[in-house]
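# Coordinate analysis (summary)
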Amino acid sequence: RRIAFLHGDNGRLRSRILADRPDFLLHGHTHDRCDEMEQGVRVINPGALCRADPYTVALLEPATGALRWIEVR
């Protein structure tokens, strides 16, 4: 699987990454957890451990695409 990582709000860079068609784009910055498709790429934000409610992380199994959210106290 091809996995890309991005942190920040650089729309131009995000567009370049999506155009390259990785299997997954993992990103942060917004502190909002998400799991959605964008231009044929699965885009995942695991959430955050600060300035979020609840605090979350995510575990991804790239081979199967299984994603598990974990709340952190």
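Residues numbered from 1 in each chain as written. Predicted model: local features only at pLDDT ≥ 70, side-chain atom pairs only at ≥ 80, totals over all residues. Heavy atoms only, no water.

## Observations regarding the overall build of the protein
Scanning the protein from terminus to terminus reveals one helix and six strands. Traced from its N-terminal end to its C-terminal end, the protein shows the element sequence β-α-β-β-β-β-β. What you see for the protein is a C-alpha radius of gyration of 12 Å, in line with the 11 Å of a compact globule of 73 residues. For the protein, the C-alpha atoms occupy an extent of roughly 35 × 30 × 15 Å along the three principal directions. Out of the 73 residues belonging to the protein, those deemed buried represent 30%. A fraction of 13% describes how many contacts in the protein between residues 6 or more apart in sequence connect residues 24 or more apart. Here the protein displays about 5,100 Å² of accessible surface, and carbon together with sulfur accounts for 49% of that area. Positive and negative charge centroids in the protein, built from 11 and 10 side chains respectively, lie 4 Å apart. (Helix = DSSP H or I, 4+ residues; strand = E, 2+ residues; numbered from the N terminus. Rg over C-alpha atoms; globule rule 2.2 N^0.38 Å. Buried < 20%, exposed > 50% of the residue type's maximum accessible area, 1.4 Å probe, protein only. Contact = heavy atoms within 4.5 Å. Areas by Shrake-Rupley, 256 points an atom, 1.4 Å probe, with all protein chains shown as cover. Lys, Arg positive; Asp, Glu negative; His and termini not counted. Charge placed at Lys NZ, Arg CZ, Asp CG, Glu CD.)

## Some details on the pattern of salt bridges
For the structure on display, the rule yields four salt bridges. Across the pair D20 and R2 runs a salt bridge, and its minimum N-O distance is 2.7 Å. Here the residue D20 occupies a position in the loop between helix 1 (11-19) and strand 2 (24-27), and R2 occupies one in the segment before strand 1 (3-6), the gap between them amounting to 18 residues. Note that R42 and D35 form a salt bridge whose closest N and O atoms lie 2.8 Å from each other. Residue R42 is classed as buried on the basis of its relative accessible area, which comes to 17%. A relative accessible area of 38% means that D35 is categorised as partly exposed. (Salt bridge = Lys/Arg side-chain N within 4 Å of Asp/Glu carboxyl O.)

## Brief notes about the packing of aromatic side chains
Going through the model one piece at a time under the given rule, you end up with zero aromatic pairs. In this arrangement the basic side chain of R33 is found over the ring face of W69, its NZ or CZ atom lying 4.5 Å from the centre. (Phe/Tyr/Trp six-rings, centres within 6.5 Å; stacked < 30°, edge-to-face > 60°. Lys NZ or Arg CZ within 6 Å of the ring centre and 35° of its normal.)

## Considering the pairing of strand 6 (residues 66-71)
By the bridge criterion, six bridges tie strand 5 (residues 56-61) to strand 6 in an arrangement that is antiparallel. Counterpart to E61 in the pairing with strand 6 is A66. The turn joining strand 5 and strand 6, which pair antiparallel and follow one another in sequence, is formed by four residues; a positive phi near 85° is taken by G65. (Pairing = 2+ DSSP bridges.)

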